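Take a look at the letters that make up each chain.
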Amino acid sequence: MRSRKLLCLVGGMLAVGLLCVDAVEAQNRRRARARGRPVRKPGEVITRPDRGERWPDRIEVGQPAPEFTLPLLAKSSEGGAAGDSDGEKAETVSLKELRAERPVVLIFGSITCPPFRGQLEAVDDVYEEFGDRAEFLFVYIREAHPDSVLSVVDGTGDESLVKIPQAADSSERTSAAATCQRTVKLKMPIAVDSEDNAVGKAYAGWPNRMVVVGTDGNVIFASAGSPRGTNAAELRDWLTENLAVPGS
């Protein structure tokens, strides 16, 4: 009888312990979301930021936005990059074409930037909310924290820990962009910056940033290029205030 009571007591203590662990983990998740950071998963490692390149910020509201043409990433649940599944040439997108009829929201960043990754799902929600009033384009640039180990989804839909290097060529950057697309389940269009970082440099987009370009080709909104340069709530507020509802 005494041993049975002891077992019940031990079992109860273990159950309480597990509940406490769950409560702490839930609290950590809430705090991470409140800070705009993704929940750190077991085994993930975030390296120091790569500050190897300095990109001067020449973006000013009211001034012409740098024009560009970049390859688009294919929208695929398998994460294949544009043109790589059927041997076809990658589809491209140009700012000039995008801004022909509606303003363009440009989002610059990479999967290894924790504050940016923490905002991506919410930014994708803004895309779905305002996609009838503006064009959206996520421009995947050089990694903020290369060689970070992240829990990501591969082409088969399985999740595993993967080291994300600083891309040595366009193929590696396209692969990282596809990994980001799959892992975060992004719906907004994604373009991949060239290996010489031409567009990222032109917009001073590292480590992440938001820029809105008007139909006249001028910058009409720009956040700072910083670890917290992407903020879904700020973007939603600006779009709500400045873009009219169609038909109104």
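Please refer to the structure placed before this passage.
The rules behind the values
Residues numbered from 1 in each chain as written. Predicted model: local features only at pLDDT ≥ 70, side-chain atom pairs only at ≥ 80, totals over all residues. Heavy atoms only, no water. Salt bridge = Lys/Arg side-chain N within 4 Å of Asp/Glu carboxyl O. Helix = DSSP H or I, 4+ residues; strand = E, 2+ residues; numbered from the N terminus. Phe/Tyr/Trp six-rings, centres within 6.5 Å; stacked < 30°, edge-to-face > 60°. Buried < 20%, exposed > 50% of the residue type's maximum accessible area, 1.4 Å probe, protein only. Pairing = 2+ DSSP bridges.

Peer 1: I would appreciate a short explanation of the pattern of salt bridges in the present structure.
Peer 2: Opposite charge on two side chains permits them to pair, given that their charged atoms come into close proximity. Per the stated rule, a full pass over the model turns up 8 salt bridges. Between Arg142 and Asp50 there is a salt bridge, with its nearest N and O atoms 3.1 Å apart. Here Arg142, found in the loop between β4 (135–140) and β5 (148–153), pairs with Asp50, found in the loop between α1 (2–34) and β1 (69–71); they are 92 residues apart in sequence, far enough to count as distant. One salt bridge connects Asp57 with Arg209, and the closest N-O pair in it is separated by 3.0 Å. Of this pair, Asp57 sits in the loop between α1 and β1 while Arg209 sits in strand β8 (residues 209–213), and the two are 152 residues apart along the sequence.

Peer 1: Which parts of the structure should I look at to understand the packing of aromatic side chains?
Peer 2: Remark: the centre distance and the inter-plane angle together describe each pair of aromatic rings, the angle taken between the planes. Scanning the entire structure with this criterion turns up 6 aromatic pairs. Between Phe221 and Trp238, the aromatic rings sit 5.4 Å apart at their centres with planes inclined by 40°, giving tilted as the arrangement. Of this pair, Phe221 sits in strand β9 (residues 219–222) while Trp238 sits in helix α6 (residues 232–242), and the two are 17 residues apart along the sequence. A relative accessible area of 9% means that Phe221 is categorised as buried. For Trp238, a relative accessible area of 16% gives the class buried. Aromatic ring contacts, followed pair by pair, group Phe68, Phe108 and Tyr203 into a single cluster.

Peer 1: Sorry if this is basic, but what is going on with the pairing of strand β6 (residues 159–164) here?
Peer 2: Here is the key point about a regular strand: its side chains alternate between the two faces of the sheet. Bridge count between β5 and β6: 6 bridges; the pairing is antiparallel. In the sheet register, Val149 faces β6, and the bridge partner there is Lys163. Once β5 ends, the chain turns through 5 residues before running back antiparallel as β6, passing Gly157 with a positive phi of about 95°.

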